[in-house]
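Chain by chain, the residues:
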Amino acid sequence: MVACALSVIDRDGIEGLSMRGLARIAGCDPMTLYRHIPNRAALLDAVAEAVLSTVAEVDPADPDWNFELRVLARSYRNAALAHPKAVVLMVTRPQSTPLGLHARSTLAVLGSVLALLTENGFTPAEALTLYRNLFSFLRGHVLIEQQESRDHPEDTEDLVRLALRSLNGPGHSILKSLTSNLSTFDGDAVFERGLDSLLAGAVVGRDS
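Residues numbered from 1 in each chain as written. Predicted model: local features only at pLDDT ≥ 70, side-chain atom pairs only at ≥ 80, totals over all residues. Heavy atoms only, no water.

Caption draft 1: Structural view of the overall build of the protein. Secondary structure assignment for the protein yields 12 helices and zero strands. The burial tally for the protein puts 37% of its 208 residues in the buried class. Put simply, of all contacts in the protein between residues at least 6 apart along the chain, 67% involve residues at least 24 apart. On the protein, roughly 11,700 Å² of surface is accessible, and the fraction owed to carbon and sulfur atoms is 57%. (Helix = DSSP H or I, 4+ residues; strand = E, 2+ residues; numbered from the N terminus. Buried < 20%, exposed > 50% of the residue type's maximum accessible area, 1.4 Å probe, protein only. Contact = heavy atoms within 4.5 Å. Areas by Shrake-Rupley, 256 points an atom, 1.4 Å probe, with all protein chains shown as cover.)

Laid out in structure tokens, this is it:
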């Protein structure tokens, strides 16, 4: 049922998923679905959990914590790229419930990251801060990347230049010089630079 729901979202978006429509695809009465899942919100939670469960796990015993976090981060982004119409669920559903009610896989990721970092010399508080910073970056990046590819494919260099033509004020000359940069979004490069900066900052923070 969850796999079927995810396929509907991949095709039609979140707004295209309904319990009645899912029952029709499954060839059953809608009431049959409600025996397994109480409502649409719970179904969306399950879909988010299914996507997040594909994210690679870290090895807490690996002495190269930087490598492990990079693998985790890239795997999270790959899951988002594989299901762009479910990105909002990946980002928002785990945050919509108290920590104690989070899905088991979400808590497992948190636990394994904390174990990895504390085994490599971070204090528990430092490890939790790095985990939070990492996932704040990941959630923000995948949302922006999904929006750029979905909502602004028509942002050609000429259109951006036209939009900036009438601007005057601090920084606007810099904006105009970046027309070609503003009209494109290199998700790979932005992601890797951001990840480099975040992890480098974690090392500096430990040493200060």
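Caption draft 2: Quick look at helix α2 (residues 19-26). Burial in α2 covers these residues: M19, G21, L22 and A23. Looking at the buried positions of α2, the neighbouring elements they touch are α1 (2-12), α3 (30-34) and α4 (40-52). Note on α2: the residue one or two positions beyond its end, G27, has a positive phi of about 75 degrees.

Caption draft 3: Quick look at the pattern of salt bridges. Enumeration according to the criterion identifies six salt bridges in this entry. Of the charged contacts in the structure, one is a salt bridge between R11 and D12, with a shortest N-O distance of 2.8 Å. The exposure class of R11 is exposed, given its relative accessible area of 53%. With relative accessibility at 32%, the residue D12 sits in the partly exposed group. Through salt bridges that share partners, R77, E145 and D188 make up one connected network. (Salt bridge = Lys/Arg side-chain N within 4 Å of Asp/Glu carboxyl O.)

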